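# Close look at the chain arrangement
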Amino acid sequence: MTSKPSVLFVCVHNAGRSQMAAGFLEHIAGDAIEVRSAGSTPADAVNPVAVAAMAEVGIDIADRTPKILTPSTVETSDVVITMGCGDACPYFPGVTYRDWKLDDPAGKDIDTVRRIRDQIEHHVRNLITELGVTLTT
């Protein structure tokens, strides 16, 4: 792993779970970790309920755009985290792969998305610890 680890969050539409995870990691770790997110079949926009749930905790993901997953994005990441969606990522030696089992927030009410958001935050905080990143705040 490089001195500044790179983390890629992947879900099918890159509109909910992966966007929330990227938002949390950027918010908590600042520029100590390179954060990416992508999807195998990106949606046109980020899930508005996910945007609302993240805004409740002071994180704005409203201006994000879902992105397509590419082999080069996977290959140049230190850690690739799939978000319980069964996405098949290309395999590259030296890349660490993990799967976080999380419900899909698509079509869910705000209370359900809040629960998913809170699970994601817990996973992200554990990931920062596992990566050995020291936070300045």
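The rules we used
- Residues numbered from 1 in each chain as written.
- Predicted model: local features only at pLDDT ≥ 70, side-chain atom pairs only at ≥ 80, totals over all residues.
- Heavy atoms only, no water.
- Helix = DSSP H or I, 4+ residues; strand = E, 2+ residues; numbered from the N terminus.
- Buried < 20%, exposed > 50% of the residue type's maximum accessible area, 1.4 Å probe, protein only.
- Polar contact = N/O pair within 3.5 Å; in protein donor to acceptor, adjacent residues only side chain to side chain.
- Salt bridge = Lys/Arg side-chain N within 4 Å of Asp/Glu carboxyl O.
- Pairing = 2+ DSSP bridges.
- Axes fitted to C-alpha atoms, helices over the stretch in contact; angles between N-to-C directions.
- Parallel < 35°, antiparallel > 145°, perpendicular 65-115°, else oblique.
- Left-handed = near helix turned anticlockwise from the far one by under 90°.
- Contact = heavy atoms within 4.5 Å.
- Nonpolar A, V, L, I, M, F, W, Y, C, P; charged D, E, K, R; others polar.

Let's shift gears to the side chain of Ser 6. Along the chain, Ser 6 falls in strand 1 (residues 6-10). For Ser 6, a relative accessible area of 3% puts it in the buried group. Within the structure, Ser 6 has its side chain in polar contact with the side chain of Arg 36 (distance 3.4 Å).

What follows is about the pattern of salt bridges. Pairing is possible between side chains that carry opposite charge, provided their charged atoms lie close to one another. Applying the stated criterion across every chain, the model contains 11 salt bridges. Linking Glu 56 and Arg 117 is a salt bridge whose minimum nitrogen-to-oxygen distance equals 3.1 Å. Remark: Arg 117 occurs in helix 4 (residues 110-131) and Glu 56 occurs in the loop between helix 2 (48-55) and helix 3 (71-75); sequence separation between them is 61 residues. Taking the relative accessible area as the measure of exposure, Glu 56 reaches 43% and is therefore partly exposed.

What follows covers the pairing of strand 1. Counting buried residues in strand 1 gives 5 out of 5 residues, a clear majority hidden from the surface. The alternating pattern of strand 1 places Ser 6, Leu 8 and Val 10 on one face and Val 7 and Phe 9 on the opposite face, and all of these are buried. The sheet contact formed by strand 1 and strand 2 (residues 34-38) spans 5 bridges and is parallel. Bridged to Leu 8 within strand 2 is Arg 36.

A separate point is the packing of helix 1 (residues 17-29) against helix 4. For the pair helix 1 and helix 4, interaxial distance at closest approach is 9 Å and the crossing angle is 50 degrees. Judged by the inter-axis angle, helix 1 sits oblique to helix 4. As helix 1 packs across helix 4, the resulting crossing turns out to be right-handed. Within the contact between the two elements, helix 1 uses Arg 17, Met 20, Ala 21, Phe 24, Leu 25, Ile 28 and Ala 29 and helix 4 uses Val 113, Ile 116, Arg 117, Ile 120, Glu 121, Val 124, Arg 125 and Ile 128. Of the residues in the contact of helix 1 with helix 4, the class split is 11 nonpolar, no polar and 4 charged.

So, on to the environment of Thr 82. Locating Thr 82 in the fold gives a position in strand 3 (residues 79-82). For Thr 82, a relative accessible area of 10% translates into the label buried. Spatially, the C-alpha atoms of Thr 82 and Ala 55 are 23 Å apart, while their sequence positions differ by 27 residues.

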